[in-house]
Amino acid sequence: MEYNEIERILKSMPNKKAPEGIWERIEGTIAAKEEKNRIFNIFTPSPRLVLAVASLLLIITVSSIGIKVHRDNIHSDVNQYLHEMAYYINSDTSWIDLGGEL
Amino acid sequence: MGIYIEPAIIDRFKEGDMNAFGEIYNKTKDMIYNVIYRFLSNEEDSKDVMHDVFVKVFEKRGSFRGESGIATWIYRVAVNQALNYGKRKSWFPINQDNIKANFYGSENSSDPEEEDKRLVLLKKLMHKLKPEFRACIVLKDIENVSYEEMSEILKINIGTVRSRLNRGRAELANLYKNEVSRHGIQ
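Residues numbered from 1 in each chain as written. Chains lettered and ligands numbered in written order. Predicted model: local features only at pLDDT ≥ 70, side-chain atom pairs only at ≥ 80, totals over all residues. Heavy atoms only, no water.

### Side note on the overall build of chain B
Across its full length, chain B holds 9 helices and 0 strands. Ordered by position from N to C terminus, the α and β elements of chain B give α-α-α-α-α-α-α-α-α. Residues counted as buried form 51% of the 186 residues belonging to chain B. By sequence separation, contacts in chain B at least 24 residues apart represent 66% of the contacts at least 6 residues apart. As displayed, chain B has an accessible area near 9,300 Å², and 45% of this comes from carbon and sulfur atoms. (Helix = DSSP H or I, 4+ residues; strand = E, 2+ residues; numbered from the N terminus. Buried < 20%, exposed > 50% of the residue type's maximum accessible area, 1.4 Å probe, protein only. Contact = heavy atoms within 4.5 Å. Areas by Shrake-Rupley, 256 points an atom, 1.4 Å probe, with all protein chains shown as cover.)

### Here we look at unusual backbone geometry
Residues and elements named next belong to chain B. At S41, a position not held by glycine, the phi torsion is positive, near 55°. Within the secondary structure, S41 sits in the loop between helix 2 (18–40) and helix 3 (43–59). One non-glycine residue, N144, lies in the positive phi region at around 60°. Relative to the helices and strands, N144 is located in the loop between helix 7 (131–142) and helix 8 (147–154). Looking at N144, the relative accessible area reads 53%, which means it is exposed.

### Quick word on empty space enclosed by the protein
The full count for this structure, using the stated rule, is 1 cavity of 30 Å³ or more. Here the largest cavity is characterised by a volume of approximately 30 Å³. The wall of the largest cavity is formed by M13(A), R38(B), F39(B), S41(B), K123(B), M126(B), H127(B) and R134(B). Those elements giving two or more residues to the lining of the largest cavity turn out to be helix 2 and helix 6 (117–126) of chain B. Tallied by class, the residues present in the lining of the largest cavity amount to 3 nonpolar, 2 polar and 3 charged. (1 Å grid on protein atoms, 1.4 Å probe; cavity = no way out; pocket = protein on both sides within 12 Å on 5 of 7 lines; lining within 4 Å. Points joined across faces, edges and corners; volume = space filled by probe spheres on them. Nonpolar A, V, L, I, M, F, W, Y, C, P; charged D, E, K, R; others polar.)

### Some thoughts on the pattern of salt bridges
Taken as a whole and assessed by the stated rule, the structure comprises 15 salt bridges over all chains. We note a salt bridge from E7(A) to K11(A), for which the minimum N-O separation is 3.5 Å. Taken together, the residues span about one helical turn, with E7(A) and K11(A) both in helix 1 (residues 3–11) at a distance of 4 residues. Among the ionic pairs, K47(B) bridges to E44(B), the shortest N-O distance being 3.5 Å. (Salt bridge = Lys/Arg side-chain N within 4 Å of Asp/Glu carboxyl O.)

### A word on the interface of chain A and chain B
Contacts between the two partners involve 26 residues from chain A, matched on the other side by 36 residues from chain B. Between chain A and chain B, a total of about 3,100 Å² is buried, with carbon and sulfur atoms accounting for 66% of that surface. Among the residues chain A hides against chain B, the three largest losses belong to M13(A), K16(A) and W23(A). Together they make up 24% of the total. Where chain A meets chain B, there are 5 salt bridges. At the surface where chain A touches chain B, the tally comes to 11 residue pairs in polar contact (both at pLDDT 80 or more). Those elements that provide at least two residues to the side of chain A that touches chain B are helix 1 and helix 2 (22–40) of chain A. (Buried area = accessible area lost by both parts, 1.4 Å probe. Polar contact = N/O pair within 3.5 Å; in protein donor to acceptor, adjacent residues only side chain to side chain.)

### As for helix 1 (residues 7–14) of chain B
All names here are of chain B. Among the residues of helix 1, I9, I10 and F13 are the ones counted as buried. Looking down the long axis of helix 1, one finds its buried residues gathered within 100° of arc, a one-sided arrangement. G16 occupies a position one or two residues after helix 1 and carries a positive phi of about 95°. (Arc of directions from axis to C-beta.)

### Some words on the environment of I9(B)
Residues and elements named next belong to chain B. Here I9 is to be found in helix 1. Residues I9 and G22, 13 residues apart in the sequence, show an inter-C-alpha distance of 9.9 Å. Among all residues touching I9, those that are not within four sequence positions of it are A20, E23 and I24.

### A closer look at the nonpolar core
Residues and elements named next belong to chain B. One finds I32, V53 and L172 to be the most contacted residues of the largest nonpolar core, which totals 69 residues. The element that contributes the greatest number of residues to this core is helix 2, accounting for 12 residues. Setting aside anything within four residues of it in sequence, one finds V53 in contact with I32, I36, I74, V77, A78 and Q81. (Core = buried A, V, L, I, M, F, W, Y, C linked by side-chain atoms within 4.5 Å.)

### So, helix 9 (residues 158–183) of chain B
Residue and element names in this part refer to chain B. The first and last C-alpha atoms of helix 9 sit 37 Å apart over 26 residues, in line with the 38 Å expected at 1.5 Å per residue. For helix 9, the complete set of buried residues consists of V161, L165, G168, R169, L172, Y176, E179 and V180. One side-chain oxygen of the residue at the start of helix 9 lies 3.2 Å from the amide nitrogen of G159, identifying that residue as N157. (Expected span 1.5 Å × (residues − 1).)

### Focus on the packing of aromatic side chains
Tallied over the entire structure, the rule returns 10 aromatic pairs over all chains. Note on F21(B) and F58(B): the rings are 5.1 Å apart at their centroids and 40° apart in plane angle, and the pair reads as tilted. Within this pair, whereas F21(B) is found in helix 2, its partner F58(B) is found in helix 3, the two being separated by 37 residues in sequence. Note on accessibility: F21(B) and F58(B) belong to one class, buried. By way of ring pairs, the aromatic residues W23(A), F13(B), F21(B), Y25(B), F54(B) and F58(B) are connected into one cluster. Against the face of Y37(B) rests K16(A), its NZ or CZ located 4.4 Å from the ring centre. The aromatic ring of F58(B) is capped on one face by R61(B), whose charged end is 4.3 Å from the ring centroid. (Phe/Tyr/Trp six-rings, centres within 6.5 Å; stacked < 30°, edge-to-face > 60°. Lys NZ or Arg CZ within 6 Å of the ring centre and 35° of its normal.)

Spelled out as structure tokens, the structure:
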């Protein structure tokens, strides 16, 4: 079959009417987007930048506090362990007295 | 594109007037829906793409410089949107039965008994082509768009347009020949 025949069949494709209801959806989407933009634009670029930097600083501060607390806990545990070691080394109690076997 | 829209309406549209945009929509909706439907052959997808096209047109209204008619500009946006949608969809296998059901079940489509069986088959086979080949066939063989306009719309040079069109036509003819000989459609 020649392609001309295929082209002729394709050209016979009927025209369609746009379905109802699309315009209402378009209007709704545009209105929602404009409302979102309106709220976003309440803050001009400078306050937006300040807010972003402040949020970043807050996150860094909270994270550092968390890290510091965790580090202090580790120090405290190590100190306690070293104290107990020193106590046993300095005491007269032998390994046997503590119930150990040679 | 043969659709005239008064400059005053275009000016109001560019200022964001929804009534002016509504007038433009009413004048171009059928033309735009047709080209989208010819790319996608599916009513639900075509409605979604139509919605996205006009939302995009409204958002990008500032970039319309009036070098071409506004209908041509919207047409370009529609073709590109439909083409991108087709490319995204081509990542997933298309259920040919759904396409067929859509053609037959569509409220706007004609009775399958009356509709040329060869046209139904060709619509189905168009989906087996790569989106870029399908785009060239839709624009040239159905929509009668010139090579120059196709080159502008698809952002490829005229040589590539011709080459894609020839390859697409050859592939479609081949698919059609195989189907016809398999099912004996006259």
